[in-house]
Amino acid sequence: MAMVFASFIFLYLLNIATSSVDNGSCLVYKSCQVCEDHHISKDKEIQSELKWLRSMVYSHFKPSQWFNSHTSCSVSQLLHNSQLTSSSSASLHHGPQNSRLCHVRHGNEMGSWSAKKNDGNQWLQFDLREPKTVTGIATRGRSDSAQWVKTYIVFYGNTLSSLSVLSSESGKLIWDGNVDQNSTVIHWFPKAIVTRYIRIKPRTLHRHISMRADLLVCPNNQPLCKPCLKTKLCT
């Protein structure tokens, strides 16, 4: 029993270490896994050693016996356009229908949602249609132009008249956004929230308020779920 407990603690610490090196988790929805490199430079030697260690531990101790097997899902590809709304759009071709994390420009549809104005009243909103357990958020910039949101705040709630800002004990949380067009930045919330609406409100920007985004949601209304070790988003 002591061996099992020690193995569990070791694997937990290994999970933290490899998640830090890999910069995230694996986001899976049913049989669909979407992927994207993060373009973040890491020490390749350390990364290689951690991946080897992770592989060795997983092959021997089968962590699925101890960890909740449910993983957070990215949901934007599954939402109808009517579930994605915004305060404004630069044009019909810059609308929130282009805000899905993996969207790229095609035809007349631009490479992200872009607000009409660069002021503090702009927002992008997800309507999940019923309360779901949301564990985090992922963002990118505009795929076809050097525009992105640098920082933002998050509102949530089950009615539009009662949205609350996502906060911690120290106050309102301000999230770091993007530093380029296509890298994916993932933030896990301090604790999961159960909500129908998520509203992202940009605070600072690079050139213009433009963004693509996704929510990380527990599948099948699970009360809690976890990331797996390796993050790949958007093929």
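The structure under discussion appears in the preceding block.
Numbering of residues starts from 1 in every chain and runs along the sequence as written. Since the coordinates come from a predicted model, pLDDT governs what is reported: local features require at least 70, and pairs of side-chain atoms require 80 or more to be given and counted, while whole-chain, interface and lining totals use all residues. Values shown for side chains rest on all heavy atoms present in the structure; no hydrogens or waters enter the calculation.

Enquirer: Tell me about the overall build of the protein, and please be specific about residues and values.
Expert: Secondary structure counts use DSSP, requiring at least four H or I residues in a row for a helix and at least two E residues in a row for a strand, with both numbered from the N terminus. Assigned secondary structure in the protein consists of 2 helices and 13 strands. Any residue under 20% of the maximum accessible area for its type is buried, any over 50% is exposed, and the rest in between are partly exposed; the area is computed with a 1.4 Å probe on protein chains only. Buried residues in the protein amount to 47% of all 235 residues. Residue contacts are counted whenever heavy atoms from the two residues lie within 4.5 Å of one another. In the protein, 81% of the contacts between residues at least 6 apart in sequence involve partners at least 24 apart. When the accessible surface of the protein is split by element, carbon and sulfur atoms take 55% of a total near 12100 Å². Per-residue and other accessible areas were derived by the Shrake-Rupley procedure at a 1.4 Å probe size, with only the shown protein chains allowed to occlude residues.

Enquirer: Explain the side chain of D214 to me, using residue names and the numbers behind them.
Expert: Checked against the element boundaries, D214 lands in strand β13 (residues 210–217). This count recognises Lys and Arg as positive and Asp and Glu as negative, with His and chain-terminal groups excluded. What makes a salt bridge here is a side-chain nitrogen of Lys or Arg within 4 Å of a carboxyl oxygen of Asp or Glu, nothing more. Buried and without a salt bridge, D214 has R100 as its closest oppositely charged side chain, separated by 8.3 Å. Excluding anything up to four places from it in sequence, D214 contacts S74, V75, S76, L101, F126, G136, I137 and A138.

Enquirer: I'd like a rundown of the packing of aromatic side chains, residues and numbers included.
Expert: Only centres within 6.5 Å qualify two rings of Phe, Tyr or Trp (six-membered ring in Trp) as a pair; their planes then separate them into stacked at under 30 degrees, edge-to-face at over 60, and tilted for everything else. Going through the model one piece at a time under the given rule, you end up with 1 aromatic pair. Relative to F189, the ring of W175 has its centre 5.7 Å away and its plane inclined at 50 degrees; by these criteria the two rings are tilted. Linking W175 in strand β11 (residues 175–176) with F189 in strand β12 (residues 185–206), this pair joins segments that are 14 residues apart in sequence. What makes W175 buried here is its relative accessible area of 9%. The ring of W123 carries the charged tip of R199 above its face, separated from the ring centre by 4.0 Å. For a Lys NZ or an Arg CZ to count as sitting over a ring, it must be within 6 Å of the ring centre and within 35 degrees of the ring normal.

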